[in-house]
Amino acid sequence: MTLDQLVRHAALRLQAAGSPSPRLDAEVLWMHVTGRDRTWLYTWGDRTWGDRTRGDRTAVDSAEARWQQARFDALIAARAQGMPVAYLTGEREFHGLALATSPETLIPRPDTETLVEAALERATAASGRLLDMGTGTGAIALAFAGERPGWQVDGVDIGPEAVALARDNAARLEIGNVSFVHGDWFSALADDPLLAFDLIVANPPYIDAADPHLRQGDVRFEPRSALVAAEAGLADLRHLVDRAGGYLTPGGWLALEHGHTQARAVRDMLDQAGYARVASLRDLGGHERVTLGRQPGD
Ligand code: GLN
């Protein structure tokens, strides 16, 4: 079988199993197993992989090739069962960073770029302090810290595995202006009355437990604790709005990701908590995805 055929068969199998992106999944898993890039795959697609019996002298035939093919088959089988590609490869790109992922954390999503951009736009000073609540892989904290080396970034997560993963990501990406701590929202922070952040951001759990979307696709494999919140998904957003004010500098911003039907509710919470310049921003799909407000002051 040629390399092209191998990937095409895998893609057909994933399509039959209901993957929304069968060809991409097959290519990504193949690249993961072989350590080759897409250009290589397209250049050498007519090579026979792991089989020289038909007299094809260009065939790649080695114990390694056979092992890779077996490994690829196993990954395709797991993907056909629904396992997210990011958990199979152990990584996902976010904001140009290759982040390690694990089933203990949410897989970073392109929609969350809206939150990163909102934070970067408001971080115009050369230095400052940003807090990322519920950091997971560390995606938001690391994306921001990488672009604002003069800022100190803190990330908090209630899962010790998430904190360990976020620290590993920071070390591997050599992003030094970030630290991660373990704990339950604001109680994780040092008991210091002078502690204050210029920006607090969060992508908290915000899905209603009864949302049918939780029974479809990749989210089935993600930790519920990172997805589901009480009060129709609003409980953690409300907790963050209630508590963040005590940790913001005068003029500091709170920016929250939320579900596309929750923007109005989050704007109301911020208005009631006394925030100024309350507004919502749209994600790449055109949905209101982030709502922010500014502490009165400077
Ligand atoms: N945006 C994610 C989804 O709809 C949910 C992320 C979250 O709950 N923070 O799957």
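Scroll up to find the structure this text is about.
Keep in mind it's a predicted model, so treat the numbers as computed, not measured.

Conventions used here
Residues numbered from 1 in each chain as written. Predicted model: local features only at pLDDT ≥ 70, side-chain atom pairs only at ≥ 80, totals over all residues. Heavy atoms only, no water. Helix = DSSP H or I, 4+ residues; strand = E, 2+ residues; numbered from the N terminus. Buried < 20%, exposed > 50% of the residue type's maximum accessible area, 1.4 Å probe, protein only. Near = heavy atom within 4 Å. Polar contact = N/O pair within 3.5 Å; in protein donor to acceptor, adjacent residues only side chain to side chain. Areas by Shrake-Rupley, 256 points an atom, 1.4 Å probe, with all protein chains shown as cover. Nonpolar A, V, L, I, M, F, W, Y, C, P; charged D, E, K, R; others polar. Pairing = 2+ DSSP bridges. Axes fitted to C-alpha atoms, helices over the stretch in contact; angles between N-to-C directions. Contact = heavy atoms within 4.5 Å. Expected span 1.5 Å × (residues − 1). Arc of directions from axis to C-beta. Phe/Tyr/Trp six-rings, centres within 6.5 Å; stacked < 30°, edge-to-face > 60°. Left-handed = near helix turned anticlockwise from the far one by under 90°.

A. View of unusual backbone geometry. Positive phi is not limited to glycine here, since H95 has a value of about 55°. Within the fold, H95 resides in the loop between β1 (91–94) and β2 (97–100). In this structure, W185 takes a positive phi of about 45° despite not being glycine. Checked against the element boundaries, W185 lands in the loop between β5 (178–182) and β6 (197–202). Taking the relative accessible area as the measure of exposure, W185 reaches 14% and is therefore buried.

B. Structural detail: the site of the ligand. Taken together, L106, R109, N203, P204, P205, Y206, I207, H213, V219, A226, L227 and E257 make up all the residues around the ligand. In this structure, a nitrogen atom belonging to the ligand sits 2.8 Å away from a side-chain N or O atom of N203. For the ligand, a nitrogen atom lies 2.7 Å from a polar atom in the backbone of P204. Here the ligand, which alone exposes 300 Å², has 91% of that area covered by the protein. Class assignment for the residues of the shell around the ligand results in eight nonpolar, two polar and two charged.

C. Broad picture of the sheet that holds β6. Read across the sheet, seven strands follow the order β5-β4-β3-β6-β7-β9-β8 without closing on themselves; strand pairing throughout is mixed. Of all strands in the sheet, those bounded by a partner on one side alone are β5 and β8 (276–282). Neighbour-to-neighbour, the strand axes of the sheet open up by a mean angle of 15°, direction not taken into account. Here helix α6 (residues 113–122) sits on the sheet and contacts β3 (128–133), β6, β7 (248–257), β8 and β9 (288–294); the angle it forms with β6, its principal contact strand, is near 170°. Set on the sheet, helix α9 (residues 235–244) makes contact with β3, β6 and β7; between it and β7 the angle comes to about 175°.

D. Region of the structure containing helix α8 (residues 160–173). Across its 14 residues, α8 extends 20 Å between first and last C-alpha, which sits within 8% of the 20 Å expected from 1.5 Å per residue. Among all positions in α8, only A162, V163, L165, A166, N169 and A170 are buried. Projected down its long axis, α8 shows its buried positions confined to an angular sector of 165°, all on one face. Each element contacted by the buried residues of α8 is listed here: β2, α7 (139–147), β4 (151–157) and β5. Phi for E174, located one or two positions after α8, is positive at around 55°.

E. Focus on the packing of aromatic side chains. Within this structure, the stated rule accounts for three aromatic pairs. Geometrically, the ring pair formed by W30 and F72 is edge-to-face, given 4.9 Å between the ring centres and 80° between the ring planes. Here F72 lies in helix α4 (residues 63–80) and W30 lies in helix α2 (residues 22–34), a separation of 42 residues in the sequence. Each member of the pair, W30 together with F72, is buried.

F. Structural detail: the environment of A202. The topology assignment puts A202 in strand β6. Beyond its immediate chain neighbours, meaning those up to four positions away, A202 contacts L115, D132, M133, L240, A255, L256 and E257.

G. Looking closely at the side chain of H95. A relative accessible area of 18% places H95 in the buried class. Of the polar contacts made by the side chain of H95, one reaches the side chain of E113; its length is 2.7 Å. Discounting residues that sit within four places of it in the chain, H95 has contacts with E113, V116, E117, L120, A143 and E147.

H. View of α9. All buried positions along α9 are accounted for by A235, D236, L237, L240, V241 and A244. For α9, the secondary structure elements touched by its buried residues are β3, β6, β7 and α10 (263–272).

I. Focus on the packing of α6 against α7. Interaxial distance between α6 and α7 falls to 10 Å at its minimum, and their mutual angle equals 35°. Our pair here, α6 against α7, has a crossing hand that is right-handed. Across the interface between the two elements, L115, V116, A119 and L120 from α6 touch I140, A143, F144 and E147 from α7. Taken together, the residues that form the contact of α6 with α7 break down as seven nonpolar, no polar and one charged.

Keep in mind these numbers describe shape, not what the thing actually does.
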